[in-house]
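# Breakdown of the fold
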Amino acid sequence: WYTAGRPTGIRSIKIDNQEIDGMTVSNVTVELLPAKPGAASQVCTVTVAGFQTAEIVVPAADTSLKFAAPPLSIVDLTVASRDAAGNTSGAFVVAPFELRDTVAPDSPDGIGAISVNDTEIAEPGYTELLPV
């Protein structure tokens, strides 16, 4: 009888909000540490807002846990190892976290055109920058 070792943590959590049909959802990617030797999978238990629970099994070769939930929800997460015989280790408990978007938008590609209007007084709507 053998149980794979208990996981020791996670690498990172990335939250990216997306609007679908007028509703915003938070797409969550948790980068797991590699599975312990002897583990066939990592079993992640995700509880959203204290009431909705899901068990998501991530194969040992993978390190990404992905799920979606309502923005600003509080999430409780545990990660355990499971061997091929179905034995499950004790769980690593991740501190509860709130689903706040952590992904910056893409940077601009550049500017379109530059137009210079050489006047002595800045036109309304323009910020006048003067040498110091």
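Residues numbered from 1 in each chain as written. Predicted model: local features only at pLDDT ≥ 70, side-chain atom pairs only at ≥ 80, totals over all residues. Heavy atoms only, no water.

Quick look at the sheet that holds strand β3 (residues 41-48) now. Working definition: the strands of a sheet are paired by backbone hydrogen bonds and lie parallel or antiparallel to each other. With respect to topology, four strands assemble into an open sheet ordered β4-β3-β6-β7, the strand pairing being antiparallel. Either end of the sheet is taken by a strand with one partner, and the two such strands are β4 (52-59) and β7 (92-98). Across this sheet, the average inter-strand angle for adjacent strands is 20°, counted without regard to direction. (Pairing = 2+ DSSP bridges. Helix = DSSP H or I, 4+ residues; strand = E, 2+ residues; numbered from the N terminus. Axes fitted to C-alpha atoms, helices over the stretch in contact; angles between N-to-C directions.)

What follows deals with the nonpolar core. Judged by nonpolar contacts, the single largest core of 18 residues is most densely connected at L65 and L77. Broken down by secondary-structure element, the contributors of at least two residues to this core are β2 (23-32), β3, β5 (64-69), β6 (74-82) and β7. In contact with L77, not counting residues within four places along its chain, are V30, C44, T45, V46, L65, F92, V93, V94 and F97. (Core = buried A, V, L, I, M, F, W, Y, C linked by side-chain atoms within 4.5 Å. Buried < 20%, exposed > 50% of the residue type's maximum accessible area, 1.4 Å probe, protein only. Contact = heavy atoms within 4.5 Å.)

We now examine the confidence of the model for the protein. In low-pLDDT regions, the fine details of the predicted coordinates are not to be read closely. When pLDDT is averaged along the protein, the result is 87; 86% of the residues meet or exceed 70. Predicted confidence in the protein is weakest over strand β1 (residues 10-20), with a mean pLDDT of 93, and strongest over β3, with 96. (pLDDT = per-residue confidence, 0-100.)

Enumeration over the complete set of coordinates arrives at two salt bridges. The partner of E55 in a salt bridge is R82, and the shortest N-O contact between them spans 3.8 Å. In this pair, E55 is assigned in strand β4 and R82 in strand β6, connecting sequence segments 27 residues apart. (Salt bridge = Lys/Arg side-chain N within 4 Å of Asp/Glu carboxyl O.)

With that settled, the discussion passes to unusual backbone geometry. Of note in this structure, D21 is not a glycine but carries a positive phi near 50°. As for its placement among the helices and strands, D21 is situated in the loop between β1 and β2. Of note in this structure, L72 is not a glycine but carries a positive phi near 70°. Judged by its relative accessible area of 49%, L72 is partly exposed.

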